[in-house]
Amino acid sequence: MADDTVSQDNMDVSKVWDLMEDISLCMLVTREGDVMHARPMQARPREAELAIYFLSDADSHKSDEIGDHSQVCLTFAKLGGGKFLSVSGTARVLNDRALISALWEPAAQAWWSGPDDPDVRVIEVTPAEAQYWTGPNGLVATIAMVAAAATGAPPVLGEQRKVDLH
């Protein structure tokens, strides 16, 4: 039985990393005092490094907020695919030029002149836990909801798991 639990845990961890790769665009939520701030960011997850990376500007508010409160939340959603993921972890801002070059993609050229631009930084998030929801969407979800309403039973709309990523 313990092997089944370990196997399910491994599958859940893999599913979290797969969802991050599949969705990639997320909301990075930071904290300033008692106020939460969220902004869309392109995630670059690297499971082998147990880290999620983002390119960011050296003088951004999020860098200051991470400096004051390193706990962050990442929220991913693929509405048409019925996939949702929330990842909590610890962030830090790095000025690692080799890592910036390794993460560089042509789309980043819209904000910086290149990977050697002195204003580019990397936000590294070390994930601690995640929660995901996957299931049907569109017509299938609507049918499940109608059936649940008619029978009085709760709808079965997919899979939900809380996953420890330590």
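Residues numbered from 1 in each chain as written. Predicted model: local features only at pLDDT ≥ 70, side-chain atom pairs only at ≥ 80, totals over all residues. Heavy atoms only, no water.

**Student:** Explain the overall build of the chain to me, and be specific about the residues and the numbers.
**Tutor:** From N to C terminus, the chain includes four helices and eight strands. Beginning at the N terminus, the succession of helices and strands in the chain can be written as α-β-β-β-β-α-β-β-α-β-α-β. Within the structure as shown, the chain displays about 9400 Å² of accessible surface, and the carbon and sulfur contribution to it stands at 56%. (Helix = DSSP H or I, 4+ residues; strand = E, 2+ residues; numbered from the N terminus. Areas by Shrake-Rupley, 256 points an atom, 1.4 Å probe, with all protein chains shown as cover.)

**Student:** Account for the state of the cysteines, with residues named and values stated.
**Tutor:** Under the criterion given, the structure shown has zero disulfides. No disulfide involves Cys26; its sulfur sits 9.1 Å from that of Cys73, the nearest cysteine. With relative accessibility at 3%, the residue Cys26 sits in the buried group. (Disulfide = S-S within 2.5 Å. Buried < 20%, exposed > 50% of the residue type's maximum accessible area, 1.4 Å probe, protein only.)

**Student:** Any details on a negative patch on the surface? Residues and values, ideally.
**Tutor:** Together, Glu32, Asp59, Asp64, Asp68 and Asp119 make up a region of like negative charge exposed at the surface. Along the chain, Asp119 falls in the loop between α3 (97-103) and β7 (120-134). (Patch = residues over 30% accessible without salt bridge, like charges linked within 9 Å, V, L, I, M, F, W, Y side chains within 5 Å. Salt bridge = Lys/Arg side-chain N within 4 Å of Asp/Glu carboxyl O. Lys, Arg positive; Asp, Glu negative; His and termini not counted. Charge placed at Lys NZ, Arg CZ, Asp CG, Glu CD.)

**Student:** Any details on the pairing of strand β4 (residues 51-57)? Residues and values, ideally.
**Tutor:** Counting buried residues along β4, six of its seven residues qualify, which places the element largely inside the surrounding structure. Of the strand pairs in this sheet, strand β3 (residues 44-46) and β4 are connected by three bridges, and their pairing is antiparallel. Within the sheet, the bridge partner assigned to Arg46 lies in β4 and is Ala51. Adjacent in sequence and paired antiparallel, β3 and β4 are bridged by four residues, among which Leu50 carries a positive phi angle near 50°. Judged from the six bridges that link them, β4 and β7 form a sheet pairing that is antiparallel. Following the sheet pairing, Asp57 is matched in β7 by Val120. (Pairing = 2+ DSSP bridges.)

**Student:** Report on unusual backbone geometry, specifying residues and quantitative values.
**Tutor:** One non-glycine residue with positive phi stands out, namely Ser24, at about 60°. At Leu50, a residue that is not glycine, the phi angle is positive and equals roughly 50°. A relative accessible area of 48% means that Leu50 is categorised as partly exposed.

**Student:** Mind laying out the confidence of the model for the chain, listing which residues take part and the relevant values?
**Tutor:** The share of residues in the chain with pLDDT of 70 or more is 79%, and the mean pLDDT across the chain is 86. Segment residues 138-146 is flagged for pLDDT under 50; beyond a separation of four residues in sequence, or across chains, it makes seven contacts in the model. (pLDDT = per-residue confidence, 0-100. Contact = heavy atoms within 4.5 Å.)

**Student:** Describe the packing of aromatic side chains, naming the residues involved and giving the relevant values.
**Tutor:** A full pass over the atoms with the stated rule returns two aromatic pairs. Between the aromatic rings of Trp104 and Trp112, the centroid separation amounts to 6.3 Å while the plane-to-plane angle is 55°, which identifies the pairing as tilted. Each member of the pair Trp104 and Trp112 is classed as buried. With a centroid separation of 6.4 Å and an interplanar angle of 45°, the aromatic rings of Trp111 and Trp112 are classed as tilted. Residue classification places Trp111 among the exposed residues on the basis of a relative accessible area of 65%. (Phe/Tyr/Trp six-rings, centres within 6.5 Å; stacked < 30°, edge-to-face > 60°.)

**Student:** Quick rundown of the layout of surface pockets? Include the residues and the values.
**Tutor:** By volume, the largest pocket amounts to about 310 Å³. Met41, Gln42, Leu55, Trp111 and Trp112 are, among the 15 residues lining the largest pocket, the residues nearest its centre. The set of elements that each furnish at least two residues to the lining of the largest pocket consists of β2 (35-42) and β4. In terms of residues, the lining of the largest pocket owes the most to one element, β2, which gives four residues. (1 Å grid on protein atoms, 1.4 Å probe; cavity = no way out; pocket = protein on both sides within 12 Å on 5 of 7 lines; lining within 4 Å. Points joined across faces, edges and corners; volume = space filled by probe spheres on them.)

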